[in-house]
Amino acid sequence: MAAPARTEKREIGVREFNFVWEGKDKSGKIVRGELRAASQAVVSTTLRRQAITPVKIKRQSLRKGGSVSEKDVALFTRQLATMMRAGVPLLQAFDIVGKGSTKPGVTRLLTAIRTDVETGSALSQAFRKHPIQFDALYCNLIQAGEQAGILETILERLAAYKEKILAIKSKIKAAMFYPISIVAVAFIVVAVLMLFVIPSFKTVFRSFGAELPAPTLLVIAVSDAFVNYWYIMFTIIGGGLFFFFYTWKRSVPMQIVMDRFVLKLPVFGDVLRKATLARWTRTLSTMFAAGVPLVEALTSVGGAAGNHVYKMATQQIQNEVSTGSSLTVSMQNTNVFPTMVVQMVSIGEESGQLDTMLGKVADFFEQEVDDSVDALSSLLEPIIMVFLGVVIGGIVIAMYLPIFKLGSVL
């Protein structure tokens, strides 16, 4: 009768927490452990049923000791898949991975999941309690693996999927970090020049008693504006950036506009489009290979694409496929997929190897992202050098023009 009561509590949304406990068993030996429950009273009752006299029970926050990153989830999935493939029981595998982790947050997360599984929950249900770390795609695949009896195979595919998606994200971040960091450094250097260096030159130029060149006058005027209104400028820039990113993160219309805009950027747009296509095809290939029905799989694929243009296109594809259209025709109707992708999907549908063809498309675009990022780095270096030369070099030359003019007069 205990199991139905526990299920009923979970259905009505009772919140559970992680508790670290210490107690004595029948022989008087000190034992310790962790338990997930709704309150200390529930932990105490559970321990007494196990013939353990509780001495100390302390609630712990899952966030204490560091958050759980996507890389941690990918590593845990790979380790769990390897151990299950080797025949290690599921609960024992959780113990091994949890104790082997150097991050307390990961250990507590795995302990909480292990406790849920040990008390009768399905693995997919235990994962669904932690939506921040395990998204709908992850949980749906685990559920499909449990139902089909191929959990270790699904875990291996999930691990490979997570690793490839992380590799793409790291490439994109590397490509974006370099120019952004250079622009930030250039802004700081220009601000220092305007606030501290140019005012010193201005004092020197006053003693010349001669008319200053136009570039010098322009730089001095900008410097005066910086000195007199620097707090307003920094407030406007900082507030504008905060408002922009705040709105971008929380406003769906803003996200749609920005996602369309970034795909049209001259250089970065092509890289981002290839990365989005790689994620889209890799996700659909993984879901389809796991036996998830196509219409149901498309729900997770749209969210995993990471771009609202392809998310809306996926919703359109899902609606058309659910009414009887083929995946190939539905993708053509969206006008956002390259011809090569559509043709490969067509071959996959005709041959009954859709997951294999989608996997090959994903491999192709992942390689394209790698090559594009390498080419982008080589292209950006001279552009950034020219940018720094024009901005900072122009300021320096403008300030030295009066000195050169004075030297020619002397």
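Along each chain, residue indices are assigned from 1 in the same order as the chain's sequence is written. Totals for whole chains, interfaces and linings use all residues, but because this is a predicted model, local features are given only for residues with pLDDT of at least 70 and pairs of side-chain atoms are given and counted only at 80 or more. Only hydrogens and water are set aside when side-chain values are computed; all heavy atoms of the structure are taken into account.

## A few points about the layout of surface pockets
Looking at the largest pocket, its volume works out to about 1200 Å³. Surrounding the largest pocket, 39 residues form its lining, Lys-169, Ile-172, Lys-173, Arg-279 and Gly-306 being those nearest its centre. In terms of residues, the lining of the largest pocket owes the most to one element, helix 8 (residues 151-206), which gives twelve residues. The residue classification treats Ala, Val, Leu, Ile, Met, Phe, Trp, Tyr, Cys and Pro as nonpolar and Asp, Glu, Lys and Arg as charged. All others, Gly included, are polar. Partitioned by chemical class, the residues of the lining of the largest pocket number 22 nonpolar, nine polar and eight charged. Computed over the protein atoms alone on a 1 Å grid, cavities are sets of points where a 1.4 Å probe fits but cannot get out and pockets are open sets with protein on both sides within 12 Å along at least five of seven lines; a residue lines them when it has an atom within 4 Å of a point. Grid points are joined across faces, edges and corners, and a volume is the space filled by probe spheres set on the points. For the purposes of this entry, the term helix denotes a DSSP run of H or I that reaches at least four residues, the term strand denotes a run of E that reaches at least two, and both are numbered from the N terminus.

## Describing the packing of helix 8 against helix 11 (residues 268-289)
The convention used is that axes are lines fitted to C-alpha atoms, helices contributing only their stretch in contact, and that angles between N-to-C directions extend from 0 to 180 degrees. Look at helix 8 against helix 11: their axes get within 10 Å of each other, and the N-to-C directions meet at 170 degrees. Overall, the two elements helix 8 and helix 11 adopt an arrangement that is roughly antiparallel. Mapping the contact onto sequence places Arg-157, Tyr-161, Lys-164, Ile-165, Ile-168, Ile-172, Ala-175, Met-176 and Pro-179 in helix 8 and Phe-268, Val-271, Leu-272, Ala-275, Ala-278, Arg-279, Arg-282, Thr-283, Thr-286 and Ala-289 in helix 11. Its residues assigned to classes, the contact of helix 8 with helix 11 shows 13 nonpolar, two polar and four charged. Oblique is the label for every angle not falling under 35 degrees (roughly parallel), over 145 degrees (roughly antiparallel), or within 65 to 115 degrees (roughly perpendicular). We call two residues in contact when some of their heavy atoms are within 4.5 Å.

## Thoughts on the confidence of the model for the protein
What pLDDT conveys is the predictor's confidence in a given residue, as a value from 0 to 100. The predicted model of the protein has a mean per-residue pLDDT of 83, with 91% of residues at 70 or higher. At the level of individual helices and strands, the protein shows its lowest average pLDDT in helix 1 (residues 2-11), which scores 40, and its highest in helix 14 (residues 327-334), which scores 93. Counting interchain partners and residues more than four positions distant, the pLDDT-below-50 stretch residues 1-13 has seven contacts.

## A closer look at the environment of Met-331
Looking at the element boundaries, Met-331 is found in helix 14. Met-331 sits 15 residues away from Gln-316 along the chain, and the two C-alpha atoms are 8.7 Å apart. Beyond its immediate stretch of four places on either side in the chain, Met-331 contacts Trp-280, Ile-317, Phe-337, Val-341, Val-342 and Val-345.

## Description of empty space enclosed by the protein
Across all of its chains, the model carries one cavity of 30 Å³ or more by this definition. Considered as a void within the structure, the largest cavity measures approximately 30 Å³ in volume. Considering the residues around the largest cavity, the lining is formed by Val-68, Asp-72, Val-73, Phe-76, Val-106, Leu-109, Leu-110 and Phe-134. When residues of the lining of the largest cavity are traced back to their parent elements, those giving at least two are helix 3 (70-85) and helix 5 (104-118). Split by residue class, the lining of the largest cavity holds seven nonpolar, no polar and one charged.

## Quick word on the pattern of salt bridges
Opposite charge on two side chains permits them to pair, given that their charged atoms come into close proximity. Here, a salt bridge means any side-chain nitrogen of Lys or Arg that lies within 4 Å of a carboxyl oxygen of Asp or Glu. Counting across every chain of the model gives eleven salt bridges. Two residues, Glu-70 and Lys-169, come together in a salt bridge whose shortest N-O distance is 3.1 Å. A residue pair is termed long-range when its members are at least 10 positions apart, and Glu-70 in helix 3 and Lys-169 in helix 8 qualify at 99 residues. The partly exposed category is assigned to Lys-169, whose relative accessible area is 28%. The salt bridge partner of Lys-129 is Asp-116, with a shortest N-O separation of 3.4 Å. Taken together, the residues Lys-129 in the loop between helix 6 (123-128) and helix 7 (136-148) and Asp-116 in helix 5 connect sequence positions 13 residues apart. Note on classification: 1.4 Å probe, protein chains only; a residue is buried when its accessible area is under 20% of the maximum for its type, exposed when over 50%, partly exposed between these limits. Under the relative-accessibility criterion, Lys-129 is labelled partly exposed at 29%. A residue is classified by how much of its surface remains accessible, and Asp-116, at 1% relative accessible area, is buried.

## Here's the deal with the nonpolar core
Taken as a class, soluble globular proteins show a tendency for nonpolar side chains to be buried jointly. Each nonpolar core is a collection of buried residues, namely Ala, Val, Leu, Ile, Met, Phe, Trp, Tyr and Cys, held together in the definition by side-chain atoms within 4.5 Å. Counting 73 residues, the largest nonpolar core has Phe-127 and Phe-337 as its most contacted members. Other than its neighbours up to four places away in sequence, Phe-337 contacts Leu-277, Trp-280, Tyr-310, Ile-317, Met-331 and Val-342. By size, the runner-up hydrophobic cluster in this structure holds 13 residues, among which are Ile-198, Leu-212, Ile-220 and Ala-398.

## Section: unusual backbone geometry
In this model, Ala-51 sits at a positive phi of 65 degrees, which is unusual for a non-glycine residue. As for its placement among the helices and strands, Ala-51 is situated in the loop between helix 2 (40-49) and strand 3 (53-60). For Asn-335, which is not a glycine, the phi torsion comes out positive at approximately 60 degrees. Positionally, Asn-335 belongs in the loop between helix 14 and helix 15 (339-351). For Asn-335, a relative accessible area of 69% puts it in the exposed group.

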